Amino acid sequence: YQLVGEVERRHELFGRPGKVLITYYESHGRMGLLDEAVRLAQESNTPADIAAVRQFRTRVGASLSIEQQLAPDLGLFARAGKASGNVEAYEFTDIDRALELGLSLKGARWNRANDTVGLATMVNGISATRERFLNAGGLGILVGDGQLPDPGPERIVETYYSAAIFSQLFVTADFQRIVNPAYNADRGPVSVFS
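Residues numbered from 1 in each chain as written. Predicted model: local features only at pLDDT ≥ 70, side-chain atom pairs only at ≥ 80, totals over all residues. Heavy atoms only, no water.

### Some words on a nonpolar patch on the surface
In step 1: On the surface, Val7, Ile22, Leu64 and Ile66 cluster together into a nonpolar patch covering about 350 Å² of accessible area.
In step 2: If you trace the backbone, Ile22 turns up in strand S2 (residues 16-32). (Patch = residues over 30% accessible without salt bridge, like charges linked within 9 Å, V, L, I, M, F, W, Y side chains within 5 Å. Areas by Shrake-Rupley, 256 points an atom, 1.4 Å probe, with all protein chains shown as cover. Salt bridge = Lys/Arg side-chain N within 4 Å of Asp/Glu carboxyl O. Helix = DSSP H or I, 4+ residues; strand = E, 2+ residues; numbered from the N terminus.)

### What about the sheet that holds strand S7 (residues 154-166)?
In step 1: The sheet built from nine strands is open, its strands ordered S1-S2-S3-S4-S5-S6-S7-S8-S9 with antiparallel pairing. Looking at which strands have only one partner, the edges of the open sheet turn out to be strand S1 (2-13) and strand S9 (190-193). Each strand axis lies, on average, 15° off the axis of its neighbour in the sheet, ignoring direction.
In step 2: Bridge count for S7 against strand S8 (residues 169-179) is 11 bridges, and the pairing is antiparallel. Within the sheet, the bridge partner assigned to Tyr160 lies in S8 and is Asp174. (Pairing = 2+ DSSP bridges. Axes fitted to C-alpha atoms, helices over the stretch in contact; angles between N-to-C directions.)

### Quick word on unusual backbone geometry
In step 1: Residues Gly188 and Pro189 are joined by a peptide bond in cis, for which omega reads 0°.
In step 2: Within the secondary structure layout, Pro189 lies in the loop between S8 and S9.
In step 3: Of note, the phi angle at Asn45 is positive, near 55°, even though the residue is not glycine.
In step 4: For Asn45, the location among the structural elements is in the loop between helix H1 (34-44) and strand S3 (54-71).
In step 5: For Asn45, a relative accessible area of 74% translates into the label exposed.
In step 6: Even without a glycine there, the phi angle at Tyr183 is positive, about 65°.
In step 7: Positionally, Tyr183 belongs in the loop between S8 and S9. (Buried < 20%, exposed > 50% of the residue type's maximum accessible area, 1.4 Å probe, protein only.)

### Notes on the packing of H1 against helix H2 (residues 128-135)
In step 1: Running from N to C, H1 and H2 cross one another at 35°; their axes reach a closest spacing of 9 Å. Viewed along their axes, H1 and H2 form a crossing whose handedness is left-handed. Residues Leu34, Asp35, Ala37 and Val38 of H1 form the contact with H2, whose participating residues are Thr129, Arg130, Arg132 and Phe133.
In step 2: Residue classes in the contact of H1 with H2 are distributed as four nonpolar, one polar and three charged. (Left-handed = near helix turned anticlockwise from the far one by under 90°. Contact = heavy atoms within 4.5 Å. Nonpolar A, V, L, I, M, F, W, Y, C, P; charged D, E, K, R; others polar.)

### Focus on the pattern of salt bridges
In step 1: A complete count under the given rule lists 10 salt bridges for this structure.
In step 2: Asp96 is paired through a salt bridge with Arg59; the nearest N and O atoms lie 2.9 Å apart. With Asp96 in the loop between strand S4 (74-83) and strand S5 (97-107) and Arg59 in strand S3, this residue pair connects regions lying 37 residues apart in the sequence. As far as the burial class goes, Asp96 and Arg59 line up, both buried.
In step 3: As a salt-bridge pair, Arg130 and Asp96 come within 2.8 Å of each other at their nearest N and O atoms.

Structural data, given as structure tokens:
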């Protein structure tokens, strides 16, 4: 199970609305410690197996988010987050720290007031402990190649366009360019269309 708490503070900056959010979460469940899995792998000369060291544990994380209107149709958003880097992750993906910055623009300027176009950039990272675990053959929820010989932060640029078809129906096109997908500089870059 997971406990999530969030505190939100609304404000005005130069007469424009905005808010700051602090989010904290605790995931509780059968999770393994990454360094224990690596130690066991070294002792048994086998790939790191997180299932072999699972016990009931807690993984915590927190983030700081900012949303700020810059103009009536233009908004800025930013987020920085950090999570426990030595505990198995399974609630989302293998991320221990993240930074994100983006803009969203409503379509009034081109006579499509309910449409939105957005642009964001993200940098995701993993802890040194998670890097050692993956390099020892460990598998995360979405990450794991058997080795991580050339690690690097995952860098993403994303853009989207959300078009209002009817008042309650929207269609969105999205493009992501990912450098060092799954923290492996030997892989990618990758383009994702949706």
